Amino acid sequence: MAKQKTKYTKVELKKFEANILAKMAEVNQSIEGVRSTTKPTNSVFIQERSEDFNEGTEAHEVEKNFLLMSRESDYLVNLQKALQRIKDGTYGICEISTKTPEKCESPDCPLISKERLMEVPNATKGVFCKEKKKLNLI
Ligand SMILES: [Zn+2]
């Protein structure tokens, strides 16, 4: 087997950190948007998930905003955890590989691919591992 990289370098981690911080700023802005208006248009989450919601009454609007805020706060918490992992030097390493290495079989594992981490900075598992975990195969 080819020798595989099992950790990202400091330089790479710096890039990921900048990416996480940018996402956090985005989420914070979006939460501010929800707070200051009942019809936020600047939320990335609304754009992505607008199909989840029907146009509704003001009560719906409030509920929707509440959902959004809690979703985005969860996301923020996860991003903070990701920052912590950067500090610990464990960022980008598939969780499954530390717990059950024999089951960690994504092509990019044990390192989560850069593309995926830029896209989903709070990812803790390689993409196959995540799917398998979902299906309770791990
Ligand atoms: Zn894995």
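If you're wondering where the values come from, they're calculated on a predicted model, not measured in any experiment.

**A word on the environment of Tyr75**
Logical step 1: Within the secondary structure, Tyr75 is located in helix 3 (residues 58-88).
Logical step 2: What makes Tyr75 buried here is the crowd of 20 C-beta atoms within 10 Å.
Logical step 3: Taking C-alpha positions, Tyr75 is 8.0 Å from Asn122, a pair spaced 47 residues apart along the chain.

**What to know about helix 1 (residues 10-36)**
Logical step 1: With 27 residues, helix 1 should reach 39 Å at 1.5 Å per residue; the first-to-last C-alpha distance of 39 Å fits that figure.
Logical step 2: Those residues of helix 1 that fall on the buried side of the exposure criterion are Phe16, Ile20, Val27, Ser30, Ile31 and Val34.

**Describing the nonpolar core**
Logical step 1: Cys94, Cys104, Cys109, Leu111, Ile112 and Cys129 are the most contacted members of the largest nonpolar core, which totals 15 residues.
Logical step 2: Taken domain by domain, the makeup of this core includes at least three residues from each of domain 1 (7-90) and domain 2 (92-138).
Logical step 3: If we skip the residues at most four places from it in the chain, Cys104 touches Cys94, Ile96, Ser97, Cys109, Pro110 and Cys129.
Logical step 4: Membership of the second largest hydrophobic core comes to five residues, among which are Val27, Ile31, Val34 and Tyr75.

**What about the confidence of the model for the protein?**
Logical step 1: Looking at the protein, the pLDDT average stands at 85 and 83% of residues meet or exceed 70.
Logical step 2: For residues 46-50, every residue scores under 50 in pLDDT, and the model assigns this stretch two contacts once sequence neighbours within four places are set aside.

**As for helix 3**
Logical step 1: The first and last C-alpha atoms of helix 3 sit 45 Å apart over 31 residues, in line with the 45 Å expected at 1.5 Å per residue.
Logical step 2: What helix 3 keeps buried is the set Asn65, Leu68, Glu72, Tyr75 and Ala82.
Logical step 3: Just beyond helix 3, the residue with positive phi is Gly89, at close to 80°.

What counts as what
- Residues numbered from 1 in each chain as written.
- Predicted model: local features only at pLDDT ≥ 70, side-chain atom pairs only at ≥ 80, totals over all residues.
- Helix = DSSP H or I, 4+ residues; strand = E, 2+ residues; numbered from the N terminus.
- Buried ≥ 20, exposed ≤ 12 C-beta atoms within 10 Å, placed from the backbone.
- Expected span 1.5 Å × (residues − 1).
- Core = buried A, V, L, I, M, F, W, Y, C linked by C-beta atoms within 7 Å.
- Domains from an automatic or database assignment.
- Contact = placed C-beta atoms within 7 Å.
- pLDDT = per-residue confidence, 0-100.

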